[in-house]
Amino acid sequence: MADSPTSSKSRSPTGDVKKPKGKGSPKPKRSPKPKGSPKGSPKGKQRVSAKTYEEPDLSMASMGHPEIFPLVLTEKTQEIFNCRADIDITADNPYKLLKKEDIIQDMKTRAAISDFHPIKKIVQDYPGEELLIVFDRELKYGQIFYLIATEEAKESILNPPEPEEEEGEFKEGMQEDYVYKPPVRKPWVSLGSEKEIEEESVKESPAKIKYMISRPHKEFGARIKFFNRNASDKYGYVECTAYQDKNFTIRQLERDTGIQVVPEEKETGTQTKWTYPKNKGTQYYPREFSDEDKNMYLSSEELKNFVLSVTLRVEIALQQNEIMDAFFDDWKALAEDEGAFAGKSDIFLKEYQSFTDLHYLKDRTVSCICWHPTIYGIIAVSVTERLSYEERIQMSGKLLLWKAPILFWSFADPIHPQLMLECPEDIYCFQFSPSDPNIIAGGCINGQVVLWDISQYEERLQNAKTGGASKRTTANMPSFMVEQQLAKELHMVRYCAVSSIEYGHKSVITDIQWLPDTFEVNRMGTVFENRTGICIQLVTCSPDCSIYFWDLRSQKPGFQLSVEKKKDDKIITCPAEVPTTFKHLDLSWRPHIKLGLPKSDTGGEYSPLKISFKEEHYYTKIQDRTQPQIKQAASKDRLPYSEVTTPSVKPPKLLENITTNFFVGTEDGEVLYTDWKMERDGDSGRLLSQKPSNIYTIHDGLVHTVQRSPFFKDIILTVGGWNFAIWKEGVTSGPLLQSSCAAKRYTVGHWSLSRAGVFFIGREDGNIDIWDLLEKTHEPSQTQNVCISLITCIKPWIYSSKQHFLAVSDDFGTLHILEISWTLSHPSINERSSVQHYFEREVKHLEYFDQRQEFRALERVELEKESLKKVKTIGGQRSRELMEEQTKQDYLEFLDTEKNILKGLGLLKGMDRFSP
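(A) Quick peek at the overall build of the chain. What the chain contains, in helices and strands, is 19 helices and 38 strands. Burial analysis of the chain (916 residues in total) assigns 37% to the buried set. Total accessible area on the chain is roughly 61,900 Å²; 53% of this is exposed by carbon and sulfur atoms.

Dropping the structure here:
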């Protein structure tokens, strides 16, 4: 048994036992053998043998301590009995008394789950009312806790016997008296130390040089005459300074140093600081000159002379202030420059929090993540079944009964979702409305568009940061009861409206985006002014070769008979908990514009996966959300979407400065640049989609990301297959930067919201590549592992000026929240201009490359013509090979001439270029 302290027993009201002082060991005592036989055992000898093997001896009898029983107490059991390791029980106070009734009640409540179930018989047969638990930090008996099973051992530990003092030693110590003995003079005995001192002493070995200075006797007492003389001439002062002779060098190989032991000295000082606070106020009046004094001082000669003397210096100072900023902080700028060139140790992503759920996220993957635009710490994720096309067909019946929801997570509670959005099918993408964060639009796997309104649950999400009222009421409850209580409070929000399945997409919706609240698009694709002031249109794309524009306003005419209206109300009835915000769109919502992507060379169409408009929304404004925010009152008089219509009296204003061109990424790896404006066919009069003006085949796989930079609206990042590319709108030669083939396939990418030259790319092996264009352009600056499965989504977010987050989801349904380091989140001085200068250099490089290509082509043609002229025919006739070459050259010239004629007639159109 471990050594126990030797102090008197003292117990706190909660049952804690203070550690006694001293040492002692209780006498070992064997615990009584348990009686009885287990239920269900066979009769006869088999019953006796079963009894012997079903009750093994759990005590430390093999070590000589049969009264000690090691225990494994989980964190839940430690919280129930207030015996948490290193909190309630420490190494200084390792004892805890537990009531026998509480242990028996715990075994009845939790049955076999209880940690005291293996020693149930010992607890029941214990004669006392309280059992002693000892915290074994050094694991002397194999576990971190052990139980004392006898009253004698418990008393010996809590009240150990005091050690007996030996009387003989005590008496001898009392009788001894100190007697002073004066020192006795002894003769000096030499041991050779004076010889060492003599050898260590320094003596002057070379003879000193003597100088004798004299002057004639006639100069003594003569008159002295002083005169001026230059100090630099030969009669002046000449100093002979020491210098190192380069002819030889003396190196000190060994040195003997003698030291002397002296008493150690230490100087300390202290001063008492008086910190007594005292309120004190002082009121004073400024001293002012009278009018007579002012006139006297202003007309005085002293003031005039002072002004004239300092006029020149004041003018020089003013000129310097115009040239340079006198209030510029050089030290602060120096610190920022040093921080910009930090090492690799500061470029990292720190794990901040993670979210997962075994019930809703089991065997599912995260398809899309979105931060809440206004509420800090709230993030929403959509999940889908991790199934192939064949497996989804086989399990279609099961999938109809169970739909994967959209979960809202909070930083305050990483275990339970705060809100769930019910979905008709699996959601692959969703977005919050920029004008109203309570409106959410999502795209389903079956091609339908879904709308939610969570205005009723906005206060619940805001209270999730502090825990709300439910956590305050359950503060004194056990942890397992709190989990059950919180699990019951989860709300399932039903969708408000879903689009018509027959008029929607025929395949999964892979991207959805809101159009800004500054403009709207009509059926022709023309841009007009949006007078409503809210986002009323959104765009979706799908691999079914279509891009749809949707309008949230009512598509029915403004007037309607009351009888028909009553009939409609009777037919369509919504549940009471479902908002009627988009009741006018439910099951009848059709796309506003249907846009295709026809191919120019063949009759097929491109399959879009991602789209990027020039007017995208980024929540990059840094707000110090650590300070208390003023809650804005919700406008109850908000106009419903069904009543938002364009007035017919005054037509909307046509906007010509809005760019209608946009980028598209396809599932075959192409990057397209096209226009959403429709063209009317001259023969049939139907509206047709324009063909893409530029087509690039850069990626060798699905294009997962097409995103514009939040700092430069004409810079686009595309990620797909095994590489990524950076484009500039208006440059038709190709990408500004194209990466080499990576070791692992890229799955997603995203620009940084705070640094212009930084972006993050996720890979299929669970790593994230951090690219910094100001540091490296041929390889990532840092590669960091986040998980073991492929990364599905990346979404950064700015909480405050000092805290930036990066949300990363994987294929196993886990959401990781990473905190971005200072170097990756705070830009250096002139970083934006440096990145812009880099893009401009790349544009010039592409232009030079194109010019060189054209020049090389012309040069190659000229060389071929000269080679044909130099070759002379043999015997007045050309050889067969030379005739074939000349025939081929004539045919190529004929094709060029035919092409120019067709262009002149307008029968052949050339490739359009971007407008400057």
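Moving on from the model shown.
(B) Local environment of the sheet that holds strand β16 (residues 511–514). Spatially, the four strands line up as an open sheet ordered β16-β19-β20-β21, and their pairing is antiparallel. This sheet does not close on itself; its edge strands, each paired only once, are β16 and β21 (593–596). Neighbouring strand axes in the sheet, compared pairwise and without regard to direction, differ in orientation by 20 degrees on average. By the bridge criterion, four bridges tie strand β20 (residues 546–551) to β21 in an arrangement that is antiparallel. For Tyr-548, the partnering residue across the bridge sits in β21 and is Lys-594.

(C) Structural detail: the nonpolar core. Within the largest apolar cluster, 24 residues are counted, with the highest numbers of intra-cluster contacts made by Ile-406, Phe-408, Phe-430 and Trp-452. Of all the elements in the fold, those that place two or more residues in this core are β7 (364–371), β8 (378–385), β9 (406–410), β10 (419–421), β11 (427–432), β12 (439–444) and β13 (449–453). No other element matches the three residues that β11 contributes to this core. In this structure Phe-430 touches Cys-368, Ile-369, Cys-370, Ala-380, Val-381, Ser-382, Ile-406, Ile-440, Ala-441, Gly-442 and Ile-512, once residues within four positions along its chain are discounted. Val-719, Leu-737, Ala-742 and Tyr-838 belong to the second-largest nonpolar core, a separate cluster that totals 23 residues.

(D) Here's a closer look at the pattern of salt bridges. Applying the stated criterion across every chain, the model contains 16 salt bridges. Here Glu-198 makes a salt bridge to Lys-203, at a shortest N to O gap of 2.5 Å. Look at Lys-203 and you get exposed, because its relative accessible area is 58%. Linking Arg-553 and Glu-520 is a salt bridge whose minimum nitrogen-to-oxygen distance equals 2.8 Å.

(E) How the structure looks around the pairing of β9. The element β9 is largely enclosed, with a buried count of five among its five residues. Pairing of β8 with β9, which is carried by five bridges, proceeds in the antiparallel orientation. Bridge assignment links Val-381 to a residue of β9, and that residue is Leu-407. Relative to β10, β9 is paired through three bridges, and the arrangement is antiparallel. Along β10, the bridge assignment pairs Leu-407 with Met-420.

(F) Just helix α3 (residues 100–110), in detail. For α3, the complete set of buried residues consists of Lys-100, Ile-103, Asp-106, Met-107 and Arg-110. Taken around the axis of α3, the buried residues stretch over an arc of 125 degrees, which confines them to a single face. Across α3 from its buried face, at more than 90 degrees, point the exposed residues Glu-101, Lys-108 and Thr-109. On the buried face of α3, the contacting elements are α2 (75–80), β3 (95–99), α4 (120–124) and β4 (130–135).

(G) View of the sheet that holds strand β38 (residues 815–820). Strand order in the open sheet formed by four strands is β6-β38-β37-β36, and the pairing between neighbours is antiparallel. Only two strands of the sheet have a single neighbouring strand rather than two, namely β6 (349–355) and β36 (791–800). Sheet twist, expressed as the mean angle between neighbouring strand axes with direction ignored, is 25 degrees. Examined bridge by bridge, β6 and β38 share six bridges and lie antiparallel to one another. Bridged to Glu-351 within β38 is Leu-818.

(H) Region of interest: a negative patch on the surface. On the surface, Glu-196, Glu-199, Glu-200, Glu-254 and Asp-256 cluster together to form a negatively charged patch. Mapped onto the secondary structure, Glu-199 falls in helix α7 (residues 193–200). Relative accessible area serves as the criterion here: at 57%, Glu-199 is assigned to the exposed category.

(I) Structural view of the confidence of the model for the chain. Mean pLDDT for the chain: 77, with 77% of residues reaching 70 or above. By mean pLDDT, the top-scoring element of the chain is strand β33 (residues 758–763) (94), and the lowest-scoring one is helix α1 (residues 45–54) (41). Segment residues 336–345 is flagged for pLDDT under 50; beyond a separation of four residues in sequence, or across chains, it makes eight contacts in the model. The low-confidence segment residues 557–571 (pLDDT under 50) makes four contacts with residues lying over four places distant or belonging to another chain.

(J) Representation of the packing of aromatic side chains within the structure. Under the definition given, this model contains 32 aromatic pairs. A connected cluster of aromatic rings, assembled from ring pairs, spans Tyr-352, Phe-355, Trp-371, Tyr-376, Trp-409, Phe-411, Trp-797, Tyr-799 and Phe-805. Over the ring of Phe-220 we find Arg-215, and its NZ or CZ is 4.6 Å from the ring centre. Residue placement shows Arg-832 over the ring face of Phe-712; its charged tip is 5.5 Å from the ring centre.

(K) Main features of the side chain of Arg-553. Here Arg-553 shows up in the loop between β20 and α16 (562–571). Within the structure, Arg-553 has its side chain in polar contact with the side chain of Glu-520 (distance 2.8 Å). Polar contacts involving the side chain of Arg-553 include one to the side chain of Asp-551, which spans 2.8 Å.

(L) A look at the environment of Val-664. Inspection of the secondary structure assignment puts Val-664 in strand β23 (residues 661–666). Placed 28 residues apart in sequence, Val-664 and Pro-692 show a C-alpha to C-alpha distance of 9.6 Å. Ignoring anything within four residues of it in the chain, the contact list for Val-664 reads Ile-547, Leu-597, Pro-608, Lys-610, Ile-611, Glu-670, Val-671, Leu-672 and Thr-674.

(M) Local environment of helix α5 (residues 151–158). Among all positions of α5, only Ala-153, Lys-154, Ser-156, Ile-157 and Leu-158 are buried. Its side-chain oxygen 3.3 Å from the backbone nitrogen of Ala-153, Thr-150 forms the N-cap of α5.

(N) Geometry of the pairing of strand β34 (residues 767–772). Most of β34 is tucked away, with six of its six residues classed as buried. Residues Asn-767, Asp-769 and Trp-771 of β34 are buried on one face, and the alternating residues Ile-768, Ile-770 and Asp-772, pointing to the opposite face, are buried as well. In this structure, the hairpin formed by β33 and β34 is closed by a connection of three residues, where Gly-766 is found at a positive phi of approximately 90 degrees. Relative to strand β35 (residues 782–785), β34 is paired through four bridges, and the arrangement is antiparallel. When the bridges of β35 are listed, Asn-767 appears paired with Asn-785.

(O) Just the side chain of Ser-825, in detail. Its place among the elements puts Ser-825 in helix α17 (residues 822–825). Leave out the neighbours within four places in its chain, and Ser-825 touches Ser-754, Arg-755, His-804 and Ile-820.

(P) Local environment of the state of the cysteines. Going through the model one piece at a time under the given rule, you end up with zero disulfides. There is no disulfide at Cys-370, and the cysteine sulfur nearest it, in Cys-368, is 4.2 Å away.

(Q) Structural detail: unusual backbone geometry. Although it is not a glycine, Cys-545 adopts a positive phi angle of roughly 70 degrees. Since its relative accessible area comes to 19%, Cys-545 is described here as buried. Even without a glycine there, the phi angle at Leu-587 is positive, about 65 degrees. Following the sequence through the fold, Leu-587 ends up in the loop between α16 and β21. On the basis of relative accessible area, Leu-587 is assigned to the exposed category, the value being 59%.

(R) How the structure looks around a nonpolar patch on the surface. A grouping of Ile-901, Leu-902, Leu-905, Leu-907 and Leu-908 is seen on the molecular surface, where their side chains present a nonpolar patch of about 490 Å² in accessible area. Positionally, Leu-905 belongs in helix α19 (residues 880–905).

Conventions adopted
- Residues numbered from 1 in each chain as written.
- Predicted model: local features only at pLDDT ≥ 70, side-chain atom pairs only at ≥ 80, totals over all residues.
- Heavy atoms only, no water.
- Helix = DSSP H or I, 4+ residues; strand = E, 2+ residues; numbered from the N terminus.
- Buried < 20%, exposed > 50% of the residue type's maximum accessible area, 1.4 Å probe, protein only.
- Areas by Shrake-Rupley, 256 points an atom, 1.4 Å probe, with all protein chains shown as cover.
- Pairing = 2+ DSSP bridges.
- Axes fitted to C-alpha atoms, helices over the stretch in contact; angles between N-to-C directions.
- Core = buried A, V, L, I, M, F, W, Y, C linked by side-chain atoms within 4.5 Å.
- Contact = heavy atoms within 4.5 Å.
- Salt bridge = Lys/Arg side-chain N within 4 Å of Asp/Glu carboxyl O.
- Arc of directions from axis to C-beta.
- Patch = residues over 30% accessible without salt bridge, like charges linked within 9 Å, V, L, I, M, F, W, Y side chains within 5 Å.
- Lys, Arg positive; Asp, Glu negative; His and termini not counted.
- Charge placed at Lys NZ, Arg CZ, Asp CG, Glu CD.
- pLDDT = per-residue confidence, 0-100.
- Phe/Tyr/Trp six-rings, centres within 6.5 Å; stacked < 30°, edge-to-face > 60°.
- Lys NZ or Arg CZ within 6 Å of the ring centre and 35° of its normal.
- Polar contact = N/O pair within 3.5 Å; in protein donor to acceptor, adjacent residues only side chain to side chain.
- Disulfide = S-S within 2.5 Å.

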